[in-house]
Every structure is written in C-alpha cells, then in structure tokens.
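Tertiary structure, described
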Amino acid sequence: MRHVARAPMIAPSILSADFARLAEEADAVPGADWLHVDVMDGHFVPNLTLGLPVVEALERATSIPLDCHLMINDPDRWAPGYAEVGSRNVTVHAEAAHDPRGCARDIRAAGALAGLSVKPRTPLEDWIEVLRDYDTLLVMSVEPGFGGQSFMPEVLDKVRTARRLVDTGHLHVLVEIDGGISRDTVEQAAEAGVDCFVAGSAVYGADDPERAVEALRDQAARASAHLGTG
Ligand code: DX5
Ligand code: ZN
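Residues numbered from 1 in each chain as written. Chains lettered and ligands numbered in written order. Predicted model: local features only at pLDDT ≥ 70, side-chain atom pairs only at ≥ 80, totals over all residues. Heavy atoms only, no water.

Looking at the overall build of the protein chain
Applicable threshold: Counting from the N terminus, the helices are the DSSP runs of H or I reaching at least four residues and the strands are the DSSP runs of E reaching at least two. All radius of gyration figures rest on C-alpha atoms, and the globule criterion is 2.2 Å times the number of residues raised to 0.38. To sort residues, take the accessible area from a 1.4 Å probe on protein chains only and compare it with the maximum for the residue type: under 20% means buried, over 50% means exposed, and anything in between is partly exposed.
Broken down by element type, the protein chain carries 9 helices and 8 strands. Compactness check: the protein chain gives a C-alpha radius of gyration of 16 Å against a globular reference of 17 Å for 230 residues, within 12% of the reference. Taking the principal axes of its C-alpha atoms as reference, the protein chain extends roughly 45 × 40 × 30 Å. In the protein chain, which comprises 230 residues, the share counted as buried stands at 57%.

This is the structure we're talking about:
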C-alpha cells in the first residue's frame, strides 16, 4: 500500500524558547502546526521545566494547538488534566505509564489526541498492540531531558516500522519524532516516514524562527515526496 503524501507538520519546542516570554515566542512561529511543550518533573528525567498552570496560561495565549510531551512519572494521574485545559495532543511515556491503555482512554475522554512516546532504547515491538489505542507515536531521537542534543539515527528503524504498519492499515497513528531535528537531519527522518517533526534549538535558536519552520517543512516535504510514488 502506498503512503499518501501529506504536508509534513512542524512542532517547534518551546523548551528552547524564552520562558519569560512564552506568548511572544508562540507568536514568533505563526506557521507552526503544533507548539510542542516539554513537561519534565525532575524524576522521570533529570530536569524540571513547567507544569499544568503554565500550559493552561499558554493555551489561552495562543491559537496554535499545544502538543504536550509529558516526561513525568505517573502520567496516569496527571495526563488527563493537560487534555482538559485544551491541549490538542497529550503524549505519555510508555516507560512511565502504569496502565497505558487506560491513559489513552482518559486523555481521549478529556478531549485530546493521545500520544505514546518511546525512549531511544525502548523497542517498538513491545508497544504495537497498545498503540492501537493511541493517535500519535512519538519516537524519541535523543535521550529525553534536554534540548540541543545530537540526533540518534538508529531510531529511524522504529519510524520505518511504524510507517509500514500505518501504511498497511495495521496502525492508525501519526508518527512524530523529537530530538536533534535540524536542517541536517530532517531529510533522513522524512525519508523514514515521519509525519510530524519537533524542533527546539533549530527553530528558537534561529534568527528568524518562522523562516526556520518553513524551511524545515519545505525540506521535509521534498525528502518525503518520493514516498508517495514508490
Ligand atoms: C527533549 C525534548 C525535546 C527538545 C528537543 O527531551 O523532548 O522536545 O525540546 O530539542 P532539540 O530540537 O533542540 O533537540
Ligand atoms: Zn519533547
């Protein structure tokens, strides 16, 4: 079955933005498809960022759909709240969820798409059945916790597997990648079959963040164009 070419989605990560000016930083990327929000609890990952009150305020301050990436323990307890405040997509980590199917159900019931993320060393095979209950798969291409790390190309095998399962109708998830996406790496990720590209430092480290979004999208679209005809 053929992959139906769709416009690649770009989700700038505000982890690399100025936390004191989040509303303006959202305004700086009007062409973004989603705004990626990294929630870290200092336990699941060795870093601490922001939580629900900030997400709620950001949701009111921007019309860009929020893509919340919960790098926290016990997401079963906390994830539905991020959906309730209006996030478009709420992603939990497979390694952290006690009951991943229940998480997906609760996130969806609260009105958001449900995402499942796997760290670089977490095999996809273990989660394929569970992914039937999810809307998005977030493949981590760095160890979660910090922006600005180097892309790990070995995770692209998971992207290829997921792409194949989606294109053959065995899974119905959007394939998202997170970590080290830049002008140097976006093409290989697009060729592997990514639908949605998270980019932190490549967008907010650029002189013109909006141009960086458009450039990444154009580059991804060109690289994945042949997938539709192969
Ligand atoms: C890392 C976060 C990423 C981070 C990506 O744990 O999940 O979303 O912001 O940053 P870059 O694009 O700089 O690797
Ligand atoms: Zn993230």
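Here's the deal with the coordination of the zinc ion (ligand 2)
Quick reminder of the rule: Keep in mind that water is not among the atoms, so a site may look incomplete; donors are the N, O and S atoms within 2.8 Å of the metal, or 3.2 Å for Na, K and Ca. Sites are called tetrahedral only when four donors show all angles between 85 and 135 degrees, square planar or octahedral only when four or six donors show opposite pairs over 155 degrees and all other angles between 65 and 115, and irregular in any remaining case.
On the protein side, the zinc ion (ligand 2) has H36 (NE2), D38 (OD), H69 (ND1) and D178 (OD) as donor atoms, found 2.0 to 2.3 Å from it. One way to put it: the 6 donor atoms around the zinc ion (ligand 2) meet at angles of 71 to 171 degrees, and that makes the site octahedral. One chain supplies every donor for the zinc ion (ligand 2), spaced along it as H-x1-D-x30-H-x108-D. You can see H36 sitting in strand 2 (residues 35–40) and its partner D178 sitting in strand 7 (residues 174–178), a full 142 residues away along the chain. Taking relative accessible area as the criterion, H36 reaches 0% and is therefore assigned buried. The exposure class assigned to D178 is buried, which follows from its relative accessible area of 8%.

Topic: the pairing of strand 3 (residues 66–71)
Applied cut-off: At least two DSSP bridges between two strands are needed for those strands to be called paired.
Taking burial as the measure, the 6 residues of strand 3 include 6 buried ones, the bulk of the element. Alternating residues of strand 3 divide into L66, C68 and L70 and D67, H69 and M71, and every residue in both groups is buried. The sheet contact formed by strand 2 and strand 3 spans 6 bridges and is parallel. When the bridges of strand 3 are listed, H36 appears paired with D67.

Thoughts on the nonpolar core
Just so we agree on the cut-off: The nonpolar core is taken to be a set of buried Ala, Val, Leu, Ile, Met, Phe, Trp, Tyr and Cys residues, with the residues joined through side-chain atoms within 4.5 Å. Contacts between residues were defined by any pair of non-hydrogen atoms, one from each residue, lying within 4.5 Å.
Formed by 67 residues in total, the largest nonpolar core has its most connected members in Y134, I177 and F197. The element contributing the most residues to this core is helix 6 (residues 156–167), with 5 residues. Dropping the residues within four chain positions of it, I177 is found in contact with L138, V139, S141, F151, V155, L156, V159, A189, V194, C196, F197 and V198. With 6 residues, the next largest nonpolar core counts M9, W34, L174 and V198 among its residues.

With respect to the pattern of salt bridges
Pairing is possible between side chains of opposite charge, provided their charged atoms come close. What counts, and what does not: Here, a salt bridge means any Lys or Arg side-chain nitrogen found within 4 Å of an Asp or Glu carboxyl oxygen.
Tallied over the entire structure, the rule returns 12 salt bridges. In this structure, R21 engages E25 in a salt bridge whose closest nitrogen and oxygen atoms are separated by 3.8 Å. On the basis of relative accessibility, which here comes to 33%, the residue R21 falls in the partly exposed class. On the accessibility criterion, E25 (11% relative accessible area) is buried. Two residues, D133 and R101, come together in a salt bridge whose shortest N-O distance is 2.6 Å. Taken as a pair, D133 in the loop between helix 5 (128–131) and strand 6 (136–140) and R101 in helix 4 (residues 100–109) lie far apart in primary sequence, 32 residues in all. By relative accessible area, which is 35% here, R101 ends up partly exposed.

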